[in-house]
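Understanding the architecture of this molecule
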Amino acid sequence: MHEMSIAMAVVCQVEEAARAHGAEGVETVTLSVGELAGVVPDALRFSFSLACEGTVLAGAELVTEHVAGRARCESCGGEWATGVPPRLCCTRCGDSRTRLLSGRELGIATVRWAEGPQRARALEEL
């Protein structure tokens, strides 16, 4: 289950950022997850809750933002939703010379810090 290694990496990165910003805790971590990234959101949430135990992230919520897969044909310029499993040949002309535009994302989008009287200050793009 690679979701656990992803969760542990996220916790490590957010812990480092929390120390750098003097944050007392973390309320929410939001991840952008592409539908073609090969990540199961429920398994990631479960792994995240385990990885947070005993850290500054203990009790933090993980929110996942779905990023749809999209592709563009290099021949005719057509764009389409790839779906899962992905359709990588052009839906307009059938050409296979295509480029994936989105759907493979996997990253921290936002972190909401918990800081005493200034609770829930959002930090964009770690």
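Above this note sits the structure.
Fair warning: this is a prediction, and the values are worked out from it, not measured in the lab.

1. With respect to the overall build of the protein chain
- When its secondary structure is counted, the protein chain shows 2 helices and 7 strands.
- For the protein chain, the sequential pattern of α-helices and β-strands runs α-β-α-β-β-β-β-β-β.
- Burial analysis of the protein chain (126 residues in total) assigns 37% to the buried set.
- When contacts within the protein chain are restricted to residue pairs at least 6 apart in sequence, those whose partners lie at least 24 apart make up 65%.

2. Considerations on helix 1 (residues 2-21)
- Between its first and last C-alpha, helix 1 extends 29 Å over 20 residues, near the 28 Å set by a 1.5 Å rise per residue.
- Along helix 1, the residues that are buried comprise E3, I6, A7, V10, V11, V14, A17 and A18. An end-on view of helix 1 places all buried positions within 135° of arc, on one side of the element. Facing away from the buried surface of helix 1 by more than 90 degrees, the exposed residues are M8, R19 and A20.
- Its buried side turned inward, helix 1 meets strand 1 (25-34), helix 2 (41-52) and strand 6 (106-114).
- Downstream of helix 1 by one or two residues, G22 has phi in the positive range, about 65°.

3. Structural notes on the sheet that holds strand 3 (residues 70-73)
- The sheet built from 3 strands is open, its strands ordered 4-3-5 with antiparallel pairing. Lying at the two open borders of the sheet, with one neighbouring strand each, are strand 4 (79-81) and strand 5 (98-102). In this sheet, neighbouring strand axes are inclined to one another by 30° on average, regardless of whether the strands run parallel or antiparallel.
- Where strand 3 and strand 4 come together, 3 bridges link them in antiparallel fashion. Within the sheet, the bridge partner assigned to R70 lies in strand 4 and is A81.

4. Focus: the pattern of salt bridges
- Scanning all chains against the criterion turns up 5 salt bridges.
- One salt bridge in this structure joins R45 and D42, with 2.8 Å as the shortest N-O distance. With R45 and D42 both in helix 2 and 3 residues apart, this pair spans about one turn of that helix.
- Here R99 and E74 are joined by a salt bridge, their closest N and O atoms 3.2 Å apart. Here the residue R99 occupies a position in strand 5, and E74 occupies one in the loop between strand 3 and strand 4, the gap between them amounting to 25 residues.
- Three or more residues joined by partner-sharing salt bridges are found here, namely R70, R72 and E79.

5. A look at the nonpolar core
- Membership of the largest hydrophobic core comes to 23 residues, with the highest contact counts inside it found for V14, V29, F48 and L57.
- At 7 residues, the largest contribution of residues to this core is made by helix 1.
- Residues contacting V29, with those up to four places away along its chain left out, are V10, V14, F48, L57, E61, L62, V63 and T110.

6. As for helix 2
- An ideal rise of 1.5 Å per residue puts 16 Å on 12 residues; helix 2 measures up with 16 Å between its terminal C-alpha atoms.
- Listed in full, the buried residues belonging to helix 2 are A43, L44, S47, F48, A51 and C52. In an axial view of helix 2, the angular spread of the buried residues amounts to 160°, which keeps them on one side of the axis.
- In the core, the buried residues of helix 2 are packed alongside helix 1, strand 1 and strand 2 (61-67).
- Looking one or two residues beyond helix 2, the residue adopting positive phi is G54, at roughly 80°.

Criteria and thresholds
- Residues numbered from 1 in each chain as written.
- Predicted model: local features only at pLDDT ≥ 70, side-chain atom pairs only at ≥ 80, totals over all residues.
- Heavy atoms only, no water.
- Helix = DSSP H or I, 4+ residues; strand = E, 2+ residues; numbered from the N terminus.
- Buried < 20%, exposed > 50% of the residue type's maximum accessible area, 1.4 Å probe, protein only.
- Contact = heavy atoms within 4.5 Å.
- Expected span 1.5 Å × (residues − 1).
- Arc of directions from axis to C-beta.
- Pairing = 2+ DSSP bridges.
- Axes fitted to C-alpha atoms, helices over the stretch in contact; angles between N-to-C directions.
- Salt bridge = Lys/Arg side-chain N within 4 Å of Asp/Glu carboxyl O.
- Core = buried A, V, L, I, M, F, W, Y, C linked by side-chain atoms within 4.5 Å.

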